[in-house]
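# Residue-level structural notes
Each chain is listed here by its residues.
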Amino acid sequence: MTTERVSALSGGDAPEDSALGYYDDEDDLDAFSDGELGCEDGVLGFSDSLSGEVKPRILLMGLRRSGKSSIQKVVFHKMSPNETLFLESTNKICREDVSSSSFVSFQIWDFPGQIDFFDPTFDYEMIFRGTGALIFVIDSQDDYVEALSRLHLTVTRAYKVNPDINFEVFIHKVDGLSDDHKIEKQRDIQKRASDDLADAGLERIHLSFYLTSIYDHSIFEAFSKVVQKLIPQLPTLENLLNIFISNSGIEKAFLFDVVSKIYIATDSSPVDMQTYELCCDMIDVVIDISCIYGLADCEAGLPYDKESMAIIHLNNTTVMYLKEVTKFLAMVCFVRRDSFERKDNPLVSGGFLQPLCLRTGDESWWRV
Ligand SMILES: Nc1nc2c(ncn2[C@@H]2O[C@H](COP(=O)(O)OP(=O)(O)OP(=O)(O)O)[C@@H](O)[C@H]2O)c(=O)[nH]1
């Protein structure tokens, strides 16, 4: 893989990002410099008041040591997986705001392992009422019988309070398993969980399953899918990306949140893990190089901006193209080299100097 260019090319008259209502607060950008997300961490007691809060809530639940806090730290705090070995057990609900863009704006609540639904000070009704997704983490390297009964109890309680919750099951720590073993575990866990629901007459509750590990990109991909389900504009975004690729000779396009490397939308062609990993690597390269070379001496902590873009030629005739869309979003595309070099390709024929603009249904503009 050769990095051709990571450079500053500013764009013509395209409308400003704010048209889509993205956060304009400069402070948010400190996220890049300190490795944090500009989030506000908080520890809640079970009975803390939550009035006035509007962001969708993602709950991380599961038995002790299943990996909940590690997932949150790796995905949203850039903690290296090895460092999670030293995380202390969570003994209160930890709440964190993730507000890197208007599409990726939610709260994550990390629960202590054993929450007691019968504890009168634990107002689970209030918690589930405002929840968009409940992620239940099961340690695949451990015996999961107890985890499955906890999953059943949690899901049935939550469903009673709020049937609109998306139930997401992370079969976690699969890094220790062979491919065959992974599939076998998934099948077994899926079957037992569905049987438990069927026995309780609750077949209508849908559980989605993901094989995850913090030691590879699977945790980012799974989180991407969880987050995408909470984005009301997703069908519009997918549609726009479909139109975009069909008019530009691009094979695959992703819209990424560069801070978390969650992809918030892609066109309707299938996503394979390798493609996703390449996108994450490219974002890392762009941010790393921008940190070193992209800032003037006097500037501090803004390694990603309107001028961020990069082209990487892979050694298999594919070209990767990254371009800033908003302060926190990047378009990452895969295009064949011959299409990329065609004179009429919008990415080439003045595309850098006169950015391609897409008009969205709500009359706002995207500059690509
Ligand atoms: N092999 C492997 N270990 C993991 C993975 N994710 C987390 N771990 C390890 O699992 C252990 C427990 O992780 P935590 O994140 O503290 O688990 P938790 O669910 O938050 O635990 P509580 O706070 O006690 O509820 C740590 O030693 C992590 O390093 C993974 O994907 N693979």
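Values in this document were obtained by computation on a predicted structure and should not be read as measured data.

What counts as what
Here the residue numbering is sequential within each chain, running from 1 through the sequence in written order. Restriction of local features to residues with pLDDT of at least 70 applies here, the model being predicted, together with a cutoff of 80 or more for giving and counting side-chain atom pairs; totals for whole chains, interfaces and linings are based on all residues. Just so you know, side-chain values use all the structure's heavy atoms and leave hydrogens and water out. All domain edges in this entry derive from an automatic or database-based domain assignment. The contact criterion used throughout is that any non-hydrogen atoms of two residues lie within 4.5 Å. Note on terms: buried area is the combined drop in 1.4 Å-probe accessible area of two parts once they are placed together, counting the loss on both. What counts as a salt bridge is simple: a side-chain nitrogen of Lys or Arg found within 4 Å of a carboxyl oxygen of Asp or Glu. Within 3.5 Å is the distance limit for a polar contact, defined as a pair of N or O atoms, with the added protein rule that one can donate a hydrogen and the other accept it, and that residues adjacent in sequence qualify only through two side-chain atoms. Only DSSP runs of H or I reaching four residues or more are called helices, and only runs of E reaching two or more are called strands; each is numbered from the N terminus. Only protein chains enter the accessibility calculation, which uses a 1.4 Å probe. A residue is then buried if its area is under 20% of the maximum for its type, exposed if over 50%, and partly exposed in between. Here the expected length of a helix is defined as 1.5 Å per residue gap, with one fewer gap than residues. To obtain the arc, one takes the directions from the helix axis to the C-beta atoms. Only heavy atoms are used to decide nearness, and a residue is near a molecule or strand if one of them lies within 4 Å of it. In short, Shrake-Rupley with a 1.4 Å probe defines the accessible areas, and a residue's cover is counted only from the protein chains shown. Each residue is assigned to one class: nonpolar for Ala, Val, Leu, Ile, Met, Phe, Trp, Tyr, Cys and Pro, charged for Asp, Glu, Lys and Arg, and polar for all the others, Gly among them. Per-residue confidence from the predictor is reported as pLDDT, which spans 0 to 100.

Glancing now at the domain arrangement of the chain. Looking at the assigned domains, one finds that the chain contains domain 1 (57-230) and domain 2 (233-295 + 302-344). Computed from C-alpha coordinates alone, the two centres of domain 1 and domain 2 are separated by 29 Å. The interface is formed by 16 residues belonging to domain 1 together with 19 residues belonging to domain 2. Together domain 1 and domain 2 conceal approximately 1,600 Å² of surface at their shared face, both sides included; 68% is due to carbon and sulfur atoms. Three residues stand out in domain 1 for area buried against domain 2, namely F103, H217 and Q228, and they jointly supply 40% of the buried area on that side. Viewed at the interface, domain 2 and domain 1 are joined by zero salt bridges. At the junction of domain 1 and domain 2, the tally comes to three residue pairs in polar contact (both at pLDDT 80 or more). When residues of the side of domain 1 that touches domain 2 are assigned to their parent elements, the largest contribution, eight residues, is made by helix 6 (residues 218-228).

Per the counting criterion, the structure on display carries ten salt bridges. Taking the shortest distance from any N to any O, the salt bridge between E125 and R129 comes out at 3.9 Å. Taken together, the residues span about one helical turn, with E125 and R129 both in helix 3 (residues 124-129) at a distance of four residues. Between K173 and D139 there is a salt bridge, with the nearest N and O atoms lying 3.1 Å from each other. Taken as a pair, K173 in the loop between strand 7 (166-172) and helix 5 (179-199) and D139 in strand 6 (residues 131-139) lie far apart in primary sequence, 34 residues in all. Overall, the relative accessible area of 14% leaves D139 in the buried class.

This part is about helix 8 (residues 273-293). Its 21 residues give helix 8 an end-to-end C-alpha distance of 30 Å, which sits within 8% of 30 Å, the value for a rise of 1.5 Å per residue. Three or more residues of helix 8 are buried, namely T275, Y276, C279, C280, M282, I283, V286, I287 and S290. Taken around the axis of helix 8, the buried residues stretch over an arc of 155°, which confines them to a single face. Exposed side chains of helix 8 directed beyond 90 degrees from the buried face belong to Q274, I292 and Y293. With a side-chain oxygen positioned 3.1 Å from the backbone nitrogen of Q274, the residue opening helix 8 is D272.

Below, the discussion takes up the site of the ligand. Around the ligand, a shell composed of 20 residues is seen, among which S70, T84, S89, T90 and D175 lie nearest. At 3.2 Å, a backbone N or O of S66 approaches an oxygen atom of the ligand. Within the side chain of S69, a nitrogen or oxygen atom sits 2.8 Å from an oxygen atom of the ligand. When the ligand is considered free in solution it has 660 Å² of accessible area, and contact with the protein chains removes 93% of it. The greatest single-element share of the shell around the ligand, amounting to three residues, is contributed by helix 2 (residues 68-77). Along the lines of polarity and charge, the residues of the shell around the ligand split into four nonpolar, eleven polar and five charged.

As a further point, take the environment of K185. Counting through the fold element by element, K185 comes out in helix 5. Under the relative-accessibility criterion, K185 is labelled buried at 15%. In contact with K185, other than residues within four places in its own chain, are S140, Y144 and L177.

As a further point, take the confidence of the model for the chain. Looking at the chain, pLDDT values average 77 and 75% of them are 70 or higher. Confidence, read as mean pLDDT per element, is least for strand 1 (residues 2-8) in the chain (31) and greatest for strand 7 (97). A low-confidence stretch, residues 1-53 stays under pLDDT 50, and its non-local contacts, those more than four residues away or across chains, total 128 contacts. In this model, residues 350-368 is a region of pLDDT below 50 whose contacts with residues beyond four sequence positions or in other chains number 55 contacts. Among the prediction metrics, the complex's ipTM stands at 0.98, with pTM recorded as 0.78.

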